[in-house]
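One-letter residues, chain by chain:
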Amino acid sequence: MQEKAQGQSILSMNSIEVLYDNVMLAIKGVSVQVPKGGMVALLGSNGAGKSTTLKAISGLLKAERGHISRGEIKFDGTDITEMLAQKRVEMGICHVIEGRRVFEHLTPDENLTAAAPMGMSRSELSVEKDKIYDYFPRLAERRNSQAGYLSGGEQQMLAIGRALVTQPSLLMLDEPSLGLAPFLVAEIFGILQKINREEGLSVLLVEQNALAALEIVSEGYLIENGRVVMHGTAEALKSNSDIQEFYLGGGEGANFHNVKHYSRRKRWLS
Amino acid sequence: MDWVFLSELAINGALTGLLYSLFAIGLVLVYKASSVPNLAQGGLTMVGAYVVLALARDLGMPLWLAIPLAAVVMFGLGFGIERVALRRLAGRPVVMILMLTLGLDIFLRGTTLAIWGGTSRSMELGVSYEPLFLGDIFISRIHLVGAGVALALFVAFMVFFRTRTGIKLRAIADDYMASWSVGISVERGVGLSWALASVVAVAAGVIWGEIQGVDQALSLLLLKGLTVAVLGGLDSILGAIVAGIILGVIENVGAEFLDPLVGGGSRELIVAAVLILTVMIRPHGLFGRHDIERV
């Protein structure tokens, strides 16, 4: 069963531990599988270790003086645990980092150009750009204005488009819904789903907005305190009463007198 | 006031100013591609001039060969600086990198002093010292040549920053982390910007070496170059050109009026005043990028 699951995974991350500055243990043995062509979400609260997990996969840990102290990460069967970030992008892993971070002083069009692999020809790049502008028509309208002045939603679209130029087979997004109006989140998630369907792009999504995320992914992992505390299909997670209560803001209704609330949460964190 | 005299001051000031621009382009290149102020450009310019002399005088090469070869050597040196010194500091506070470039400048000065000594050597480009006459106005030929070189480099780099490599360099200056995330080699980009700045240093070193001789004083151009770069906006090549002309004219015309009043030496004062006032009144200079804050 385990063997079979690994065979279909584009990404398999096994008991990864990450240390920052050689002292702070940010994640403590996280294992995550992303099936080929699948959409997976990492859920959890602030500081749970979701972003660190993504950085371990993309290799951006190094820029923040973190490193993987245990475990291994395989991408398409290749061990990438020690690989340079740039090499991982070439292999097809692209990480849309938190906070959009578009190149503000460049135009959207230049943002896309900047991300183009050196080997991509001019005509390939323009085909690629057209495809991205088709997915995100709002960007096409503003392709020659300054990216720093785009709206938050447009910047998020640009950040995703910029990642797509690198021709990833695994796209990782860190909190793409952050600070965006619900209709924009729906629009962006809809586009992600469309790209996933049309191009078979595998997606690993980090979200605090569990409600929106569970609508588009097929499975999810719940991370708390640097550990995976729950893993299941989106359906299973949605119907789980703990998830409903803590992350979807509902369930049996807010019952403040329910002491079980605390003990249940404690059970994961221990 | 005599208009011919005034325009002579202005034109020669503008030409000298373009020579400051030639120097400042090196500063701007590094800032534009890595958001790091390059305080080593003075040292690099001096080394550039010395390398040309070493190839031309000591090895007996003709200048037309020595100058491009020096450019190649300096291109390699620029990459080396990134590899050896700057790479370890990528992502660290700018202040530390600033100090590093200053240390580099001192190191380069010390190295040239140790190898070639302190006596001034002449470049002997073979440009005539006979002034050109534009009507009644005297113009120095070497200044005209240098201004031409500055403008040629300006055009070349304007084109370069629209190419894919140039856009990647500008992206690096905007955001290291985001650049890494899409597979841009930040290290190689920063190295390239230093390599290009070092090539510009050869051009500036040759022209300024011809004008004032090749010695330690070449590295003092940093003060004027920095003023021009700041006035133009640290990341704008167009700014470096325009600011160079402005500073050159203000300095030349201003000194003519102020020198009799203060008994000489007002050039330095004017330059310092321009630098200080720019930072106080318009910190991003004439054409520099603003930090974008959306409301």
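What you see is a predicted model; the values in this text were computed from it and never measured.

S.K.: I'd like to hear about the overall build of chain A, residue by residue, with values.
M.R.: Looking only at helices and strands, chain A features twelve helices and ten strands. Looking at chain A residue by residue over its 270 residues, the buried ones come to 54%. Here chain A has roughly 12,100 Å² of accessible surface; of this, 50% comes from carbon and sulfur atoms.

S.K.: Mind laying out helix 3 (residues 63–86) of chain B, listing which residues take part and the relevant values?
M.R.: An α-helical segment advances 3.6 residues per turn. Residues three or four places apart therefore align on the same side. Here helix 3 of chain B contains 24 residues, and its C-alpha end-to-end distance of 32 Å stays within 8% of the 34 Å for a straight helix at 1.5 Å per residue. On the buried face of helix 3 of chain B, the contacting elements are helix 2 (41–58), helix 4 (94–116) and helix 8 (186–212) of chain B.

S.K.: Mind laying out the side chain of B:K168, listing which residues take part and the relevant values?
M.R.: Looking at the element boundaries, B:K168 is found in helix 6 (residues 164–174). Each residue touching B:K168, except ones within four places of it in the same chain, is listed here: A:T113, A:A114, A:A115, A:A116, A:M118 and B:I184.

S.K.: Residues and numbers for the layout of surface pockets, please.
M.R.: Its volume calculated, the largest pocket comes out at about 850 Å³. Looking at the largest pocket, it is lined by 29 residues, and the ones nearest its centre are A:K62, A:A63, A:L84, B:W180 and B:E187. Counted by class, the lining of the largest pocket contains eleven nonpolar, seven polar and eleven charged residues.

S.K.: Pulling in residues and values, what's your account of the nonpolar core?
M.R.: Residues A:F136, A:L171, B:F157 and B:W194 are the most contacted members of the largest nonpolar core, which totals 144 residues. No other element matches the 14 residues that helix 8 of chain B contributes to this core. Residues in contact with B:W194, not counting those within four places in the same chain, are B:V30, B:N38, B:A40, B:L44, B:G78, B:I81, B:L86, B:T101 and B:L104. One finds A:I16, A:L61, A:I93 and A:V206 within the second-largest nonpolar core, a separate group that totals 29 residues.

S.K.: Any details on the pairing of strand 2 (residues 24–35) of chain A? Residues and values, ideally.
M.R.: Residues and elements named next belong to chain A. In the sheet, strand 1 (residues 9–20) pairs with strand 2 via nine bridges, with the strands oriented antiparallel. Across the sheet, the residue bridging to Y20 is M24, located in strand 2. Counted between consecutive antiparallel strands, the loop separating strand 1 from strand 2 contains three residues, among which D21 sits at a positive phi close to 55°.

S.K.: Tell me about the sheet that holds strand 5 (residues 78–79) of chain A, residues and numbers included.
M.R.: The strands making up a sheet associate through backbone hydrogen bonding, with each pair oriented either parallel or antiparallel. Residue and element names in this part refer to chain A. Taking strand neighbours across the sheet as the criterion, the four strands line up as 2-1-4-5 in an open arrangement whose pairing is antiparallel. Of all strands in the sheet, those with a lone pairing partner are strand 2 and strand 5, marking the two edges. Contacts between helix 2 (residues 50–58) and the sheet are confined to strand 1, strand 2 and strand 4 (66–75), with strand 1 contributing the most and set at about 110° to the helix.

What counts and what doesn't
Residues numbered from 1 in each chain as written. Chains lettered and ligands numbered in written order. Predicted model: local features only at pLDDT ≥ 70, side-chain atom pairs only at ≥ 80, totals over all residues. Heavy atoms only, no water. Helix = DSSP H or I, 4+ residues; strand = E, 2+ residues; numbered from the N terminus. Buried < 20%, exposed > 50% of the residue type's maximum accessible area, 1.4 Å probe, protein only. Areas by Shrake-Rupley, 256 points an atom, 1.4 Å probe, with all protein chains shown as cover. Expected span 1.5 Å × (residues − 1). Contact = heavy atoms within 4.5 Å. 1 Å grid on protein atoms, 1.4 Å probe; cavity = no way out; pocket = protein on both sides within 12 Å on 5 of 7 lines; lining within 4 Å. Points joined across faces, edges and corners; volume = space filled by probe spheres on them. Nonpolar A, V, L, I, M, F, W, Y, C, P; charged D, E, K, R; others polar. Core = buried A, V, L, I, M, F, W, Y, C linked by side-chain atoms within 4.5 Å. Pairing = 2+ DSSP bridges. Axes fitted to C-alpha atoms, helices over the stretch in contact; angles between N-to-C directions.

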